[in-house]
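Inside the fold
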Amino acid sequence: MGSKTRIWARAACLITACAFLIYGFMRGEAGVVLNKAVNICLECIGLG
């Protein structure tokens, strides 16, 4: 694999990852993940 091909492949992966992050934020998934994390932490500590 040439160095230009690697650069383009990395750039394509980075752009795809950013697109999925933006899509997840637009759907409100960050709040869902945070809520689940809080519930799991509270169960482990024994407060919930």
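A brief report on the enclosed structure follows. Here the residue numbers are simple positions, counted from 1 along each chain's written sequence. Local features in this predicted model are restricted to residues of pLDDT 70 or higher, and side-chain atom pairs are both shown and tallied only at a pLDDT of 80 or more, whereas totals for entire chains, interfaces and linings draw on every residue. Side-chain metrics in this entry use all non-hydrogen atoms of the structure; hydrogen atoms and water are not considered.

**Some details on a nonpolar patch on the surface**
A cluster of nonpolar side chains, namely L34, V38 and L42, defines an oily patch on the protein surface of about 240 Å² accessible area. With respect to the helices, strands and loops of the structure, L42 is situated in helix α2 (residues 29–45). You can call L42 partly exposed: its relative accessible area is 32%. The residues that make up patches have over 30% relative accessible area and no salt bridge, and they are joined within 9 Å when like-charged or within 5 Å when they are Val, Leu, Ile, Met, Phe, Trp or Tyr. Note on areas: these come from Shrake-Rupley sampling with a 1.4 Å probe, and a residue is covered only by the protein chains present in the view. Definition used for salt bridges: Asp or Glu carboxyl oxygen within 4 Å of a side-chain nitrogen of Lys or Arg. Only runs of H or I of at least four residues qualify as helices and only runs of E of at least two qualify as strands under DSSP, and these elements are numbered from the N terminus. Think of it in three bands: residues with accessible area under 20% of the maximum for their type are buried, residues over 50% are exposed, and the middle band is partly exposed, with areas taken using a 1.4 Å probe on protein chains only.

**Re helix α1 (residues 3–27)**
Residue count minus one, scaled by 1.5 Å, sets the expected span of a helix. For α1, built from 25 residues, the straight-helix expectation of 36 Å at 1.5 Å per residue is met to within 8% by its first-to-last C-alpha distance of 36 Å. Counting buried positions along α1 yields 1 of 25 residues, so the element is predominantly exposed. Following α1 by one or two positions, G28 has its phi on the positive side, about 85°.

**Some remarks on the pattern of salt bridges**
Counting across every chain of the model gives 1 salt bridge. For the salt bridge of R27 with E29, the shortest nitrogen-to-oxygen distance reads 3.6 Å. By relative accessible area, R27 is classed as exposed at 53%. The exposure class of E29 is partly exposed, given its relative accessible area of 32%.

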